[in-house]
Amino acid sequence: MGKFVNPFTDVGFKIIFGQEFSKPQLLDFLNTLLENERNITDLTFLDKEQMAIYDGDRSPIYDILCETDGGEKIIVEMQNREHPNFKERMLYYASEAITRQGEMGSLWTYDIKAVYMIAFTNFTLNGFEKRLRIDVGLTDLQQGKVFTDKMRMICLQMPCFTKEREECDNHFERWIYILKNMEILERMPWAAQNAVFQRLADIAEVSKLNKEERLEYDHALKRYRDTLNAMTGAELKGIEKGRAEGRAEGRAEGEKNKAIEVARNLKAMGLSADDIVKVTGLTAEELKAL
C-alpha cells in the first residue's frame, strides 16, 4: 500500500480533484492545463449523474462535472480500460453537455457556453502513441482557423509521459509526474515550494482517511488492480497468439520454399508439369512462374 492514494482509482481521483476541499487542486491544474486560454477563478461542482431527458436516455455519468465562474462546463474523466471507440465517447460526452444547455421556447438564441472535455487515459489511442497531450477543437479545414471555441477536448495519455522528477521543466509537467507516480511516492515532490502540492500531500495521504473512506478506497484499489490484471492478461494472450501465428506462417513459408526448390529440380530433370504439381503441391500457375 502506497503512502498516497492512487489517482487512477475512482476514489483516489475524487479525493484529489472531485470534492469541495480539493477545489484548489482542480483550479490549479485546470489553469495550468489551459494557460493563456482561460483563467478560472472559481468552480461549482455539479451533479455528475445527469437526469434522463426521455425514456431510454443513455445520459453519461461523469467522474467530475463542474461549471466555471464564467458558465463554461468542464468534464474531467480518468479512464483505465482501453475502449475501441474512446474518441467517439469523448465527443458524445462533450456533445451531451452542450445539448443540455438548450432552453425551451423561441426566445433562446443558442447562447452556448464552452464545454471542455478533459480525459486522463491509462492507455494510448491508435495513431497518437507518442503524444502526452492531444488537443481537439472545431476548426475550419481550409484556413486552419478556429471555427468555434464552444467545444474543446483534451486527452492526456499518461503512458506517454516518461520524464523523471529532475527532468520536469514546468508546473504542468510536475502535475503529470505526481499523478503518474503518486502511489509509489514516499513524499510529495515540490511541496516545500508550492502550497498546492503541500495541500495535495495533506489530503491524499492514505493514513489520514477515515474508516469509511479507507474501506471505500481499498475496494477501489482492488477494482483498479483487477482491471490492470485483466488488461495485462488480454495483452499477453494477444502476444502469444501473434507468436503462434508467426510460427505457423514461418513453417508454411519454409514448406513452400522447400516445395519450390524440389519443383525446380524436378523441372530440370524433365518431369512433366502435371507430375511436378502432384509431387510438390504447387499450383500450375506457381510452377509456370519458376
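Residues numbered from 1 in each chain as written. Predicted model: local features only at pLDDT ≥ 70, side-chain atom pairs only at ≥ 80, totals over all residues. Heavy atoms only, no water.

Colleague: What's the story with the packing of helix H2 (residues 23-33) against helix H5 (residues 195-203) in this structure? I'm lost.
Modeller: Pairs of packed helices are described in terms of their axes, by the angle between the two and the distance that separates them. Running from N to C, H2 and H5 cross one another at 140°; their axes reach a closest spacing of 10 Å. In terms of orientation, H2 and H5 fall into the oblique class. For the crossing formed where H2 meets H5, the hand is left-handed. Contact with H2, carried on its side by Pro24, Gln25 and Asp28, involves Val196, Arg199, Leu200 and Ile203 of H5 and no other residues of that element. Residues of the contact of H2 with H5, tallied by class, amount to four nonpolar, one polar and two charged. (Axes fitted to C-alpha atoms, helices over the stretch in contact; angles between N-to-C directions. Helix = DSSP H or I, 4+ residues; strand = E, 2+ residues; numbered from the N terminus. Parallel < 35°, antiparallel > 145°, perpendicular 65-115°, else oblique. Left-handed = near helix turned anticlockwise from the far one by under 90°. Contact = heavy atoms within 4.5 Å. Nonpolar A, V, L, I, M, F, W, Y, C, P; charged D, E, K, R; others polar.)

Colleague: Looking at this model, I keep getting lost on the packing of aromatic side chains. Mind explaining?
Modeller: Counted under the stated rule, the structure contains 16 aromatic pairs. Note on Phe17 and Trp175: the rings are 5.5 Å apart at their centroids and 40° apart in plane angle, and the pair reads as tilted. Of this pair, Phe17 sits in helix H1 (residues 10-17) while Trp175 sits in helix H4 (residues 171-181), placing them 158 residues apart in sequence. Taken as a pair, Phe17 and Trp175 share a single burial class, namely buried. (Phe/Tyr/Trp six-rings, centres within 6.5 Å; stacked < 30°, edge-to-face > 60°. Buried < 20%, exposed > 50% of the residue type's maximum accessible area, 1.4 Å probe, protein only.)

Colleague: Whenever I open this one, the sheet that holds strand E6 (residues 145-157) confuses me. Can you help?
Modeller: The strands that make up a sheet are held in pairs by hydrogen bonds between backbone atoms, and each pair lies either parallel or antiparallel. Taking strand neighbours across the sheet as the criterion, the six strands line up as E1-E2-E3-E4-E6-E5 in an open arrangement whose pairing is mixed. The strands lining the two open edges of the sheet, one partner per strand, are strand E1 (43-45) and strand E5 (133-140). Each adjacent strand pair in this sheet contributes to an overall mean axis angle of 20°, direction not counted. Pairing analysis gives eight bridges linking E5 to E6, with the strands arranged antiparallel. Paired with Val136 across the bridge in E6 is Met153. Together, E1, strand E2 (64-68), strand E3 (73-79) and strand E4 (115-121) form the strand contacts of H1, whose direction differs from that of E3 by roughly 145°. (Pairing = 2+ DSSP bridges.)

Colleague: Is there a simple way to think about the confidence of the model for the chain in this case?
Modeller: Residues shown with low pLDDT carry predicted positions that ought not to be read at fine detail. For the chain, per-residue confidence averages 86 on the pLDDT scale, and 84% of positions sit at 70 or higher. By mean pLDDT, the top-scoring element of the chain is H4 (97), and the lowest-scoring one is helix H6 (residues 211-268) (71). (pLDDT = per-residue confidence, 0-100.)

Colleague: Before we go on, may I ask you to explain the pairing of E6 in this structure?
Modeller: The side chains of a regular strand alternate, first on one face of the sheet and then on the other. Of the strand pairs in this sheet, E4 and E6 are connected by seven bridges, and their pairing is parallel. In the strand pairing of E6, Ala119 is matched with Cys155. Here E5 folds back onto E6 in antiparallel fashion, the turn holding four residues, of which Gly144 has a positive phi close to 70°.

Colleague: Whenever I open this one, the pattern of salt bridges confuses me. Can you help?
Modeller: A pair can form between side chains of opposite charge whenever their charged atoms are brought close. According to the stated counting rule, one finds 15 salt bridges in the structure shown. With a closest N to O distance of 3.9 Å, Asp202 and Lys208 form a salt bridge. Overall, Asp202 belongs to the partly exposed group, its relative accessible area being 37%. The structure contains a network of salt bridges with shared partners spanning Glu37, Arg133, Asp135 and Arg152. (Salt bridge = Lys/Arg side-chain N within 4 Å of Asp/Glu carboxyl O.)

Colleague: So what exactly am I meant to see when it comes to the nonpolar core here?
Modeller: The nonpolar side chains of a soluble globular protein tend to be buried with one another. Judged by nonpolar contacts, the single largest core of 56 residues is most densely connected at Phe17, Phe29, Phe120 and Met188. Sorting elements by how many residues they give to this core places H4 first, with six residues. Among residues more than four places away in sequence, those in contact with Met188 are Phe4, Ile178, Met182, Phe197, Leu200 and Ala201. (Core = buried A, V, L, I, M, F, W, Y, C linked by side-chain atoms within 4.5 Å.)

Colleague: Quick question: what am I supposed to make of helix H3 (residues 86-99) here?
Modeller: In an α-helix, one turn spans 3.6 residues; hence positions three or four apart end up facing the same way. Along its 14 residues, H3 runs 20 Å from first to last C-alpha, staying within 8% of the 20 Å computed at 1.5 Å per residue. Looking only at H3, the buried set comprises Phe86, Arg89, Met90, Tyr93, Ala94, Glu96, Ala97 and Ile98. (Expected span 1.5 Å × (residues − 1).)

Colleague: Which parts of the structure should I look at to understand the side chain of Glu205?
Modeller: You can see Glu205 is positioned in the loop between H5 and H6. Summary of buried charges: Glu205 has no salt-bridge partner, and the nearest side chain of opposite charge, Lys208, is 4.0 Å away. A polar side-chain atom of Glu205 sits 3.0 Å from a polar atom in the side chain of Ser207. If we skip the residues at most four places from it in the chain, Glu205 touches Lys3 and Phe4. (Lys, Arg positive; Asp, Glu negative; His and termini not counted. Polar contact = N/O pair within 3.5 Å; in protein donor to acceptor, adjacent residues only side chain to side chain.)

Colleague: Looking at this model, I keep getting lost on H5. Mind explaining?
Modeller: For H5, the complete set of buried residues consists of Val196, Phe197, Leu200, Ala201 and Ile203. For H5, the secondary structure elements touched by its buried residues are H1, H2 and H4. The backbone nitrogen of Val196 has a side-chain oxygen 2.8 Å away, supplied by the residue at the start of H5, namely Asn194.

Colleague: How do you make sense of the environment of Ile74 when you look at a structure like this?
Modeller: Take Ile74: it is sitting in strand E3. In the structure, Ile74 is positioned 31 residues away from Leu43 in sequence and 9.3 Å away in space, judged by C-alpha atoms. Those residues in contact with Ile74, other than ones at most four positions away along the chain, are Leu30, Ile40, Ile64, Leu65, Cys66, Thr68, Tyr116 and Ile118.

Colleague: Honestly, unusual backbone geometry in this entry has me stumped. Any pointers?
Modeller: Negative phi is the rule for most residues except glycine; trans is the rule for most peptide bonds. A positive phi is found at Tyr110, a non-glycine position, where the angle reads about 60°. Mapped onto the fold, Tyr110 is located in the loop between H3 and E4. A relative accessible area of 61% places Tyr110 in the exposed class. The phi dihedral of Trp190 is positive, around 65°, even though this residue is not glycine. Positionally, Trp190 belongs in the loop between H4 and H5. Classification of Trp190 by relative accessible area gives buried; the value is 14%.

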